[in-house]
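Listed here are the chains, written in short residue letters.
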Amino acid sequence: MSKKVKIILAITTTLVIVILFLLNSENENIDFVKKENKKQEDLFLKGENLFRKNECNACHYIGMNLVSTAPALGGITKRRKKDWLYRYTKMSLEMHEEGDSIAAEIRKKGWGAMPSYPKLTNEQLDAIYFFVEKRYEMTLKGIPVKR
Ligand code: HEC
């Protein structure tokens, strides 16, 4: 074998190894995304179940973009701090009694009171508000609400 052929062979082998390596790491990335999606899907379904089971949708439109007998919840995690949101869902009445300024502001709109959910854990609220925001994103993309 001439020196030239050996060099070409060496370069080709290196290229093949690099390409295989890249392809392989790309697969790992795809798997990673799939795993992330699975996690997100679980959280979404958990949140949707809790939203329906606690009948939030009796007053808050489940498409999250329209006002019904209560304010639309889409984008709420950007409008409110997490601590406020979680405490409010658990005990809005207490917050009113304490004179919370945001609670007072909402009350001015005349919707009336919202029930308290002291039994919901922060973990469950994470799922509920993940669902709220994802469902809102879906509505904005034109994906209809499941009956
Ligand atoms: C019986 C009707 C009813 C149900 C059921 C209900 N809500 Fe409400 N919700 C309201 C009303 C009315 C308001 C406005 C309260 C006020 O003005 O004091 C409100 C306000 C809110 C707010 C504050 C909105 C803002 O702009 O800051 C959040 C967050 C919220 N609800 C989440 C939920 C979640 C989550 C559930 C289910 C676990 C739920 N609500 C169940 C009627 C309801």
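Bear in mind that the values here come from a model prediction, so they are computed numbers and not experimental data.

## Concerning the overall build of the protein chain
So, point 1. Looking only at helices and strands, one finds 5 helices and 0 strands in the protein chain.
So, point 2. Put simply, the protein chain runs from its N terminus to its C terminus through helices and strands in the order α-α-α-α-α.
So, point 3. By the burial criterion, 27% of the 147 residues in the protein chain qualify as buried.
So, point 4. For the protein chain, the proportion of contacts with a sequence separation of at least 24, taken over those separated by at least 6, is 62%.
So, point 5. Summing over all exposed atoms, the protein chain offers an accessible surface of approximately 10,600 Å²; the carbon and sulfur share of this is 61%.

## A closer look at the environment of Tyr88
So, point 1. Looking at where Tyr88 falls in the secondary structure, it is placed in helix α3 (residues 82-98).
So, point 2. Owing to a relative accessible area of 13%, Tyr88 belongs among the buried residues under this scheme.
So, point 3. For the pair Tyr88 and Ala103, spaced 15 residues apart in sequence, the C-alpha separation works out to 8.2 Å.
So, point 4. The contacts of Tyr88, once residues within four sequence positions are left out, are Met95, His96, Ala103, Ile106 and Met114.

## As for the side chain of Glu48
So, point 1. Tracing the backbone through its elements, the reader meets Glu48 in helix α1 (residues 3-53).
So, point 2. Overall, Glu48 belongs to the buried group, its relative accessible area being 7%.
So, point 3. Each residue touching Glu48, except ones within four places of it in the same chain, is listed here: Phe131 and Lys146.

## Points about the site of the ligand
So, point 1. Residues in contact with the ligand amount to 25 residues; listed here are only the nearest, Cys56, Cys59, His60, Arg80 and Met114.
So, point 2. Measuring from an oxygen atom of the ligand, one finds a side-chain N or O atom of Arg80 at 2.6 Å.
So, point 3. The separation between an oxygen atom of the ligand and a polar side-chain atom of Arg107 is 2.9 Å.
So, point 4. Elements supplying a minimum of two residues to the shell around the ligand: α3, α4 (101-107) and α5 (122-140).
So, point 5. Per-element accounting of the shell around the ligand gives the leading share, 5 residues, to α3.
So, point 6. Among the residues forming the shell around the ligand, the class breakdown is 18 nonpolar, 4 polar and 3 charged.

## Thoughts on the confidence of the model for the protein chain
So, point 1. Within the protein chain, residue pLDDT values average 88, and 87% of them lie at 70 or more.
So, point 2. Ranking the elements of the protein chain by mean pLDDT puts α1 last with 76 and helix α2 (residues 76-79) first with 96.

## Structural notes on the side chain of Glu133
So, point 1. Residue placement: Glu133 occurs in helix α5.
So, point 2. Of the side chains with opposite charge, Lys78 comes closest to the buried, unpaired Glu133, at an N-O distance of 4.6 Å.

## A few points about α5
So, point 1. For α5, spanning 19 residues, the distance from its first C-alpha to its last is 27 Å, which sits close to the expected 27 Å at 1.5 Å a residue.
So, point 2. Immediately downstream of α5, the backbone of Gly142 shows phi near 85°, a positive value.

About the cut-offs
Residues numbered from 1 in each chain as written. Predicted model: local features only at pLDDT ≥ 70, side-chain atom pairs only at ≥ 80, totals over all residues. Heavy atoms only, no water. Helix = DSSP H or I, 4+ residues; strand = E, 2+ residues; numbered from the N terminus. Buried < 20%, exposed > 50% of the residue type's maximum accessible area, 1.4 Å probe, protein only. Contact = heavy atoms within 4.5 Å. Areas by Shrake-Rupley, 256 points an atom, 1.4 Å probe, with all protein chains shown as cover. Near = heavy atom within 4 Å. Polar contact = N/O pair within 3.5 Å; in protein donor to acceptor, adjacent residues only side chain to side chain. Nonpolar A, V, L, I, M, F, W, Y, C, P; charged D, E, K, R; others polar. pLDDT = per-residue confidence, 0-100. Lys, Arg positive; Asp, Glu negative; His and termini not counted. Salt bridge = Lys/Arg side-chain N within 4 Å of Asp/Glu carboxyl O. Expected span 1.5 Å × (residues − 1).

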